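# Observations on the model geometry
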Amino acid sequence: MQVTGDDYPTYEDSVNATLKEKAISDSIERNANILKKLSDKPLDRFDLEDRIMGSSQIIDDLENLLYLVGDRPEPATEDEIMNAIIGMIEQSHIRHDRLFNTFASLIEQGTIK
């Protein structure tokens, strides 16, 4: 079997792989730091309830996106739509992280088992 140039990763593939590894590493470190910070702050089940209810915020976000795309007097540009979607995705990640970290903190404190 002969190896062709297509069988080797390109420079872009190599850079993308490195960036993904760095992002994963940064995310793990960031979440560990967040958990450490959360463990210093006493939380209770009401904090967890608040985070759970906040996770449904995506419904309001989608309604706003629907307005942007369909009901706004001026048509939305492609960039505006993409920025809105990217923002929604990022906000959902933040809400999920905050909910998970609150849950983990309550387990660590022994508030919930």
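## Quick word on the overall build of the protein chain
- Helices and strands together make up the secondary structure of the protein chain, namely four helices and zero strands.
- The linear arrangement of helices and strands in the protein chain, starting from the amino end, is α-α-α-α.
- Per-residue burial for the protein chain yields a buried fraction of 12% across its 113 residues.
- Within the protein chain, counting contacts between residues at least 6 apart in sequence, those at least 24 apart form 75% of the total.

## A look at a nonpolar patch on the surface
- Together, Met82, Ile85, Ile86 and Ile89 make up an exposed nonpolar region whose accessible area comes to about 350 Å².
- With respect to the helices and strands, isoleucine 85 occurs in helix α4 (residues 78–109).

## Quick word on the packing of helix α3 (residues 57–71) against α4
- α4 packs onto α3 with a crossing angle of 180 degrees between their chain directions and a minimal axis gap of 11 Å. Judged by the inter-axis angle, α3 sits roughly antiparallel to α4. Across the interface between the two elements, Gln57, Ile58, Asp61, Leu62, Leu65, Leu68 and Val69 of α3 pack against Glu80, Ile81, Ala84, Ile85, Met88, Ser92 and Arg95 of α4.
- Looking at side-chain class alone, the contact of α3 with α4 contains nine nonpolar, two polar and three charged residues.

## Comments concerning α3
- Counted at 1.5 Å a residue, the expected span for α3 with its 15 residues is 21 Å, and the 20 Å between its end C-alpha atoms agrees.
- When we look at burial in α3, the residues that qualify are Asp61, Leu65 and Leu68. Relative to the axis of α3, the buried residues are bounded by an arc of 55 degrees and lie together on one face. Facing away from the buried side of α3 by over 90 degrees, the exposed positions are Leu66, Gly70 and Asp71.
- As for α3, its buried residues are in contact with α4.

## Observations regarding the environment of leucine 99
- The residue leucine 99 is located in helix α4 in this model.
- Placed 44 residues apart in sequence, leucine 99 and serine 55 show a C-alpha to C-alpha distance of 7.9 Å.
- Residues within four places of leucine 99 in sequence aside, it is in contact with Leu48, Arg51 and Ile52.

## Considering the environment of serine 92
- Mapped onto the fold, serine 92 is located in helix α4.
- The exposure class assigned to serine 92 is partly exposed, which follows from its relative accessible area of 27%.
- In this structure, the C-alpha to C-alpha distance between serine 92 and glycine 54, residues 38 residues apart in sequence, is 9.7 Å.

## Brief notes about α4
- Taking 1.5 Å per residue as the helical rise, α4 with its 32 residues ought to reach 46 Å, and the 46 Å between its terminal C-alpha atoms agrees with that figure.
- Every buried residue belonging to α4 is among Met88, Arg95, Asn101, Thr102, Ser105 and Leu106, and all of these are buried.
- Positive phi appears at glycine 110, one or two residues downstream of α4, with a value of about 85 degrees.

What counts, and at which threshold
- Residues numbered from 1 in each chain as written.
- Predicted model: local features only at pLDDT ≥ 70, side-chain atom pairs only at ≥ 80, totals over all residues.
- Heavy atoms only, no water.
- Helix = DSSP H or I, 4+ residues; strand = E, 2+ residues; numbered from the N terminus.
- Buried < 20%, exposed > 50% of the residue type's maximum accessible area, 1.4 Å probe, protein only.
- Contact = heavy atoms within 4.5 Å.
- Patch = residues over 30% accessible without salt bridge, like charges linked within 9 Å, V, L, I, M, F, W, Y side chains within 5 Å.
- Areas by Shrake-Rupley, 256 points an atom, 1.4 Å probe, with all protein chains shown as cover.
- Salt bridge = Lys/Arg side-chain N within 4 Å of Asp/Glu carboxyl O.
- Axes fitted to C-alpha atoms, helices over the stretch in contact; angles between N-to-C directions.
- Parallel < 35°, antiparallel > 145°, perpendicular 65-115°, else oblique.
- Nonpolar A, V, L, I, M, F, W, Y, C, P; charged D, E, K, R; others polar.
- Expected span 1.5 Å × (residues − 1).
- Arc of directions from axis to C-beta.

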